[in-house]
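Given next are the chains, with one letter for each unit.
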Amino acid sequence: MRTYALVRLWRNSACNGVYKRVYKSGNRDIQTGQTGYTNAPRGVAVAETTFTDWLRERRQALDLTQEDVAERVGCARVTVAKIEAGLRRPSRQVAERMAEALQLPAQDHATFIQWARGGVGAYVAPSSPAELSLPFELEEYPRATGAIQDADKPPPRSNLPASATSFIGRDREVSRVRSLLWRTDVRLMTLTGPPGIGKTRLSLAVAAALQQDLEHGVLFVPLAPLSDPSLVAPTIIAGLGIAATPGQAPEATLVSYLQDKQMLLLLDNFEQVAEAAPMLSELLAACPLLKVLVTSRALLHLYGEHEFPVPPLDVPDLEGLPPTAELPRCAAVALFVQRAQAVKPDFAITPENAPAVAEICVRLDGLPLAIELAAARVKLFTPQAMLPRLEHRLHLLTGGPHDKAPRQRTLRGAIDWSYSLLDDGERTLFQRLGVFVGGFTIEDAQSVCDIGGEAGSVDIPTAIESLLNKSLLRYQLPRISEGAGKGSEPRFLMLETIREYALERLEEGKEAGVVRDKHAGHYLTLVERDGSGLAGPQLVRLSAEHDNIRAALRWSLDRGDAAAAARMCMVLWRFWWIRGHLAEGRRWMERVLGSSIGAPLPPDLECQVLNGAGWLALGQCDIERASALLNRGLDLARSLGDDRLIASALNNLSNLAVYRGDYELAEARDGEALALYQRLGSERDIADSNCNLGVDALYRGDLERAAEFTEKSLALQRAMGEQWKIALALGNLAHVVRRQGDLARATNLCDESIALFRELGDKWGMPLTLLCLGDIARCGRDFTRARALYREASDLLNTMGNAHYIGLNLVGLAFLALAEGHAEKATTLFGALERLREVASTTPVPPADRAEYDRALAVARTQLGEAAFTAAWARGRAMPLEQAIAYALEANAPD
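Chains are numbered independently. Their residues run from 1 in the order of the written sequence. Reporting in this predicted model follows two pLDDT cut-offs: at least 70 for local features of residues, and 80 or more for side-chain atom pairs to be given and counted; totals over whole chains, interfaces and linings ignore these cut-offs and use all residues. Hydrogens and waters are ignored; side-chain quantities use all the structure's heavy atoms.

A.B. asks: Sorry if this is basic, but what is going on with the overall build of the chain here?
C.D. replies: A run of H or I in DSSP counts as a helix once it spans at least four residues, and a run of E counts as a strand once it spans at least two, with each numbered from the N terminus. Regarding its fold elements, the chain presents 40 helices and 11 strands. Burial status across the chain gives 54% buried among its 895 residues. Accessible areas in this description were obtained via Shrake-Rupley with a 1.4 Å probe; residue shielding takes into account the shown protein chains only. Carbon and sulfur atoms make up 51% of the accessible area of the chain, which amounts to about 37700 Å² in all. Type-normalised accessible area, obtained with a 1.4 Å probe on protein chains alone, sets the label of each residue: buried when under 20%, exposed when over 50%, and partly exposed for intermediate values.

A.B. asks: I'm lost on the pattern of salt bridges in this one. Help?
C.D. replies: It is possible for side chains bearing opposite charge to pair when their charged atoms get close. Criterion for a salt bridge: a side-chain nitrogen of Lys or Arg within 4 Å of a carboxyl oxygen of Asp or Glu. Inspection of the entire model under this criterion finds 49 salt bridges. The salt bridge partner of Glu672 is Arg638, with a shortest N-O separation of 3.4 Å. In this pair, Glu672 sits in helix α29 (residues 663–680) while Arg638 sits in helix α27 (residues 623–640), placing the two residues 34 residues apart along the sequence. Accessibility expressed as a relative area gives 35% for Glu672, which makes it partly exposed. One salt bridge in this structure joins Arg835 and Glu838, with 3.6 Å as the shortest N-O distance. Taken together, the residues Arg835 and Glu838, both in helix α37 (residues 823–840) and three residues apart, mark about one turn of the helix. Given the relative accessible area of 35%, Glu838 is considered partly exposed. The structure contains a network of salt bridges with shared partners spanning Arg170, Arg172, Glu173 and Asp314.

A.B. asks: Would you explain the packing of helix α8 (residues 232–240) against helix α9 (residues 250–258) in this entry?
C.D. replies: What describes two packed helices is the angle between their axes and the distance between those same axes. Angles run from 0 to 180 degrees between N-to-C directions of axes, and those axes are lines fitted to C-alpha atoms, restricted for helices to the stretch in contact. Packing of α8 against α9 leaves a shortest axis separation of 9 Å and a crossing angle of 40°. Here α8 is positioned oblique relative to α9, judged by the angle of their axes. Of the two possible hands of crossing, α8 and α9 adopt the one that is left-handed. Counting all contacts with α8, which are made through Ala233, Pro234, Ile236, Ile237 and Leu240, the residues of α9 involved are Pro250, Glu251, Thr253, Leu254, Tyr257 and Leu258. Angle categories are assigned with fixed cut-offs, so that under 35 degrees is roughly parallel, over 145 is roughly antiparallel, 65 to 115 is roughly perpendicular, and the rest are oblique. Crossing handedness: left-handed means the near helix sits turned counterclockwise from the far one by under a right angle, and right-handed means the same turn made clockwise. Every residue pair with non-hydrogen atoms within 4.5 Å of one another is taken to be in contact.

A.B. asks: It is not clear to me how the nonpolar core should be interpreted in this structure. Could you clarify?
C.D. replies: One broad trend across soluble globular proteins is that nonpolar side chains are buried collectively. Within the largest apolar cluster, 234 residues are counted, with the highest numbers of intra-cluster contacts made by Phe336, Phe430, Leu433, Trp576 and Phe830. In terms of residues, this core owes the most to one element, helix α24 (residues 562–579), which gives 13 residues. Beyond its immediate stretch of four places on either side in the chain, Phe430 contacts Tyr419, Leu422, Leu467, Leu472, Met494, Ile498, Tyr501 and Ala502. Think of a nonpolar core as a cluster: buried Ala, Val, Leu, Ile, Met, Phe, Trp, Tyr and Cys residues, connected wherever their side-chain atoms sit within 4.5 Å.

A.B. asks: I'm lost on the pairing of strand β6 (residues 218–222) in this one. Help?
C.D. replies: Side chains on a regular strand alternate between the two faces of the sheet. Within β6, four of the five residues are buried, which leaves the element mostly enclosed by the surrounding structure. Strand pairing is defined by DSSP finding a minimum of two bridges between the two strands. Relative to strand β7 (residues 263–268), β6 is paired through five bridges, and the arrangement is parallel. The residue of β7 that forms the bridge with Phe220 is Leu266.

A.B. asks: Is there a simple way to think about helix α10 (residues 277–286) in this case?
C.D. replies: Because an α-helix completes one turn every 3.6 residues, residues spaced three or four positions apart along the sequence face the same direction. The set of residues buried in α10 consists of Ala277, Met279, Leu280, Leu283 and Leu284. For α10, the angular spread of the buried residues around the axis is 145°, confining them to a single face. Across α10 from its buried face, at more than 90 degrees, point the exposed residues Glu282 and Ala285. An arc is given here, and it is the one of the directions from the helix axis to the C-beta atoms.

A.B. asks: Looking at this structure, I do not really get the packing of aromatic side chains. What am I missing?
C.D. replies: Side-chain rings of Phe, Tyr and Trp (the six-membered ring for Trp) are treated as a pair once their centres are within 6.5 Å; stacked means planes under 30 degrees apart, edge-to-face means over 60, and tilted covers the remaining angles. Summed over the entire model, instances satisfying the criterion amount to 15 aromatic pairs. With a centroid separation of 6.1 Å and 40° between ring planes, the pair formed by Phe440 and Phe492 is classed as tilted. A residue pair is termed long-range when its members are at least 10 positions apart, and Phe440 in the loop between α17 (424–433) and α18 (442–449) and Phe492 in strand β11 (residues 491–493) qualify at 52 residues. For the pair formed by Phe440 and Phe492, the shared burial category is buried.

A.B. asks: I tried to follow the environment of Val378 on my own but got confused; where do I start?
C.D. replies: Within the element layout of this structure, Val378 appears in the loop between α13 (368–375) and α14 (383–389). Of the residues examined, Val378 reaches a relative accessible area of 6% and is grouped as buried. With 37 residues separating them in the primary sequence, Val378 and Gln341 have C-alpha atoms 8.9 Å apart. Excluding its chain neighbours within four sequence positions, the residues that come into contact with Val378 are Phe336, Ala340, Val343, Lys344, Phe347 and Met386.

A.B. asks: What's the story with the sheet that holds strand β9 (residues 305–309) in this structure? I'm lost.
C.D. replies: Paired through their backbone hydrogen bonds, the strands of a sheet run either parallel or antiparallel. Taken in spatial order, the five strands make up an open sheet running β6-β7-β8-β5-β9, and their pairing is parallel. Here the strands that pair on one side only, and so sit at the sheet edges, are β6 and β9. In this sheet, adjacent strand axes meet at a mean angle of 20° when their direction is disregarded. Sheet analysis places strand β5 (residues 188–192) next to strand β8 (residues 290–295), joined by four bridges and oriented parallel. What sits directly across from Thr190, in β8, is Val294. Along the sheet face, helix α7 (residues 199–210) touches β5, β6, β7, β8 and β9 and points at about 170° away from the line of β7. Running at roughly 135° to β6, α8 makes contact with β6 and β7 of the sheet.

A.B. asks: Would you explain the environment of Cys691 in this entry?
C.D. replies: Within the element layout of this structure, Cys691 appears in helix α30 (residues 683–700). Residues Cys691 and Glu711, 20 residues apart in the sequence, show an inter-C-alpha distance of 8.5 Å. For Cys691, the residues in contact, after removing those within four places along its chain, are Ser713 and Asn732.

A.B. asks: Can you help me understand the side chain of Arg178 in this one?
C.D. replies: Its location among the elements puts Arg178 in helix α6 (residues 171–182). When near neighbours in sequence (up to four residues on either side) are disregarded, Arg178 contacts Gly74, Gln93, Val94, Arg97, Val206, Ala209, Leu210 and Asp213.

A.B. asks: Explain the side chain of Lys725 to me, please; I cannot follow it from the model alone.
C.D. replies: Summarising the element assignment, Lys725 is placed in helix α32 (residues 723–739). Lys725 sits in the buried class, given a relative accessible area of 12%. Reaching out from Lys725, the side chain makes a polar contact with the side chain of Asp688 at a distance of 2.8 Å. Pairing of N or O atoms within 3.5 Å defines a polar contact, subject to two protein rules: one partner must be a possible hydrogen donor and the other a possible acceptor, and residues neighboring in sequence count only if both atoms are side-chain atoms.

A.B. asks: Help me understand the environment of Gly439, please; the structure alone is not making it clear to me.
C.D. replies: Looking at the element boundaries, Gly439 is found in the loop between α17 and α18. Distance in space between the C-alpha atoms of Gly439 and Arg491 is 6.1 Å, their sequence separation being 52 residues. If near-sequence neighbours (up to four positions away) are discounted, Gly439 is found in contact with Arg491, Phe492, Leu493, Tyr523, Glu545 and Asn548.

A.B. asks: For this particular structure, what's the right way to read helix α35 (residues 783–800)?
C.D. replies: Look at α35: 26 Å from first C-alpha to last across 18 residues, which is about the 26 Å you get at 1.5 Å a residue. Three or more residues of α35 are buried, namely Phe783, Ala786, Arg787, Leu789, Tyr790, Ala793, Ser794, Leu797 and Met800. Expected helix span is computed as 1.5 Å times (number of residues minus one).

A.B. asks: Would you mind going over the pairing of β7 with me for this structure?
C.D. replies: Taken across its six residues, β7 has six buried, putting it largely inside the fold. Side chains Met263, Leu265 and Leu267 of β7 all project onto a buried face; the interleaved residues Leu264, Leu266 and Asp268 project onto the opposite face, where all are buried too. Sheet analysis places β7 next to β8, joined by five bridges and oriented parallel. For Leu265, the partnering residue across the bridge sits in β8 and is Val292. Note on handedness: a clockwise path from strand one over the helix to strand two, with the strands aimed away from the viewer, defines a right-handed crossover. Crossover handedness for the path β7 to α10 to β8: right-handed.

A.B. asks: Can you walk me through unusual backbone geometry in this structure?
C.D. replies: Glycine aside, a negative phi is what most residues show, and trans is what most peptide bonds show. Its identity as a non-glycine residue notwithstanding, Asp63 has a phi of 60°, on the positive side. Summarising the element assignment, Asp63 is placed in the loop between α1 (51–61) and α2 (66–73). Given the relative accessible area of 66%, Asp63 is considered exposed. Positioned with a positive phi, Gln103 is a non-glycine residue whose angle comes to about 60°.

A.B. asks: What is the right way to read the state of the cysteines from this model?
C.D. replies: In plain terms, two cysteine sulfur atoms within 2.5 Å form what is called a disulfide here. Applying the stated rule across the entire model yields zero disulfides. For the unlinked cysteine Cys750, the closest cysteine sulfur is that of Cys772, found at 3.6 Å.

And the structure:
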């Protein structure tokens with residue numbers, strides 16, 4: 001147990017940081033003013049100690065070397081050595097990290113920092129240097145002024161320019177770069193990134209954070225005005241304020257001056273003087289305490305160089321925007337608001353403009369320069385009016401501050417600067433790569449961009465690496481796990497602002513049409529190859545290339561090649577269904593069908609597009625349009641006498657009959673389709689027809705036939721390895737088995753189905769299987785789990801907008817409310833269901849569930865009485881669908 005003594009601490013510069021430790025009894029303060037033993041009152045023992053002695057003993061007791069402490073603190077070993085020698089005092093940031101490195105309790109950190117920084121206080125002797133507490137307590141006395149190193153030396157050098165605006169959104173990057181630069185093995189760091197990313201601002205912030213911890217400070221050397229590499233060394237000399245030695249090379253003068261300096265050189269915009277890079281290697285080799293921080297759009301390719309790619313600012317998630325008041329916490333939005341208020345002081349984020357501001361930040365890729373230039377336009381346009389003008393962002397984003405360099409006053413100027421540094425072959429390839437939207441692989445680039453001309457002699461992988469190193473391309477991590485096929489190849493992409501510039505340059509030449517044709521042809525081949533299967537790797541590949549596929553479709557239609565677009569659509573409609581892109585898929589297919597440019601569609605292609613468009617319309621519960629498209633497709637197929645097209649149209653028309661509740665018609669159409677497929681000997685289509693017939697029987701309540709058809713379909717699908725169709729068959733069979741009362745088997749089937757759907761990223765089959773699991777939990781009276789499963793299904797279904805499936809979910813939730821004893825809520829939901837059926841022209845309650853449905857209505861009417869039942873029913877019919885769903889998902893407290 002320790003006893004505390006109250007003393008005052010001070011620093012005597014003549015004794016190199018020696019402090020007094022005084023032991024006494026009683027409460028009277030003792031203060032001495034000399035080194036060594038003093039004339040202390042009797043009974044008081046006064047002994048010398050120093051912070052440096054304690055620090056060294058503490059480190060050794062923890063079995064740490066100076067290198068260990070430096071690594072943990074994030075500083076150079078020489079800094080720790082100088083602190084232990086009493087030659088300098090740690091900065092506050094270094095002291096904070098040192099407290100953690102020395103394993104001091106959190107409650108002692110503030111005390112330690114004040115002591116380390118030269119504060120005053122009172123000691124208590126520790127039992128050992130490794131004791132997990134400081135050997136003193138501090139009192140509230142003024143801290144001693146100045147650092148130990150300040151006594152005889154001027155403050156560290158710094159010529160960093162003062163910033164006219166606050167620094168936003170880079171705390172994480174500043175901390176990371178600063179920590180890396182303190183490592184003993186990091187002497188040269190290059191901040192890289194595309195034009196407008198904010199490399200200079202980040203480097204200045206890092207330098208400002210470091211300057212007090214470097215004995216000789218920081219020198220900022222802007223190199224943007226230079227184009228002659230031989231002028232780099234003289235420019236640094238001028239920045240240091242030293243005279244060049246006559247007859248001596250500038251590099252030698254730098255070495256002579258810097259060889260014993262602990263200093264950071266910040267060299268800004270090195271890309272256009274890159275030939276001077278070897279001089280930096282020589283300088284670092286001769287000056288062991290020197291560190292160099294470089295900003296450049298291209299790596300220097302020096303031994304020992306550490307690259308730090310500067311990322312864009314964080315942007316909002318447009319699919320899940322936070323509340324308006326929280327949106328400015330996003331760095332990109334905060335920057336927009338700050339710069340907008342600089343030109344329009346009353347600007348604020350409001351519920352009306354928040355979505356537009358968020359989308360502006362996303363469409364500008366989080367590029368600080370682009371966001372600043374856009375925000376300056378709020379004097380002319382509201383964010384809502386600005387958004388559509390960003391279609392041509394390079395024209396809009398001009399007019400930056402006049403005290404900035406021209407390349408920093410427009411986004412185009414910033415990219416021009418990088419483009420001018422490319423050789424002819426790189427420029428041509430850069431232009432051609434602009435046709436890719438959302439990224440590309442090396443194979444894609446070789447297929448599309450190798451069309452001869454100046455880029456024909458360029459090794460494309462090497463040129464891509466060069467563009468990557470020059471920050472005009474970005475590396476994109478593979479989107480699927482290793483071993484998942486082609487989708488796991490490395491991908492590259494351009495920020496949209498840079499891609500727009502590349503496309504402009506491409507359009508200025510004569511080869512734009514040729515490159516776009518090659519791009520469209522490449523993705524038509526990919527779609528026809530990967531779109532024919534519905535396994536995980538193919539779906540992932542199509543998802544990764546969806547933006548490129550859209551561009552290929554748009555170009556094919558714009559140039560009048562509706563047949564090429566139709567060939568893509570006839571394959572893609574299944575992909576669009578699985579991934580939930582129903583509205584988009586319909587738009588493409590309707591545009592193909594309505595195209596009057598060029599040659600008319602071949603009838604077989606038109607038939608397939610009609611079939612796919614009708615299926616997607618059905619998925620959106622657009623019953624009338626689905627009926628028109630599908631029946632038109634069947635008529636065309638019959639006129640062609642093509643059994644496969646006829647059977648396909650019949651299968652989809654059977655689903656239309658299911659939506660309308662005509663299950664006998666559905667079974668008749670599926671039976672006719674099965675007969676045609678059997679005549680053709682198509683096992684895959686036979687399996688599909690059996691699955692459809694199983695659903696028909698299930699809805700009619702014929703569970704035995706439903707099980708027979710579905711089991712047969714599942715066996716065929718397993719033999720063929722069609723993952724998506726296996727998952728569908730498993731889910732359908734689970735619904736059958738659940739109604740047969742085998743809840744355990746139904747659960748197992750659901751689990752296997754959901755695992756496959758999750759792997760595939762399916763948006764349609766998953767909610768139906770979740771509904772089955774919810775029904776199983778409800779039947780087992782696990783109401784909490786049932787509600788959670790219905791909620792998960794509802795979240796997926798609401799994004800799809802399929803009223804038929806939403807109705808099935810509401811049925812389950814109404815049954816759940818009644819099972820929990822809430823007859824009024826159940827009746828309200830039944831009323832909402834009836835209104836949904838009328839509006840969507842669909843039947844949410846199939847015959848298989850009609851008996852349970854009618855019993856539930858009878859129970860609710862009995863429990864409530866006729867008047868209350870009628871009132872609840874009317875409330876449900878008047879309730880908007882979104883409100884009804886939210887009401888249905890509310891937890892029910894037991895009565």
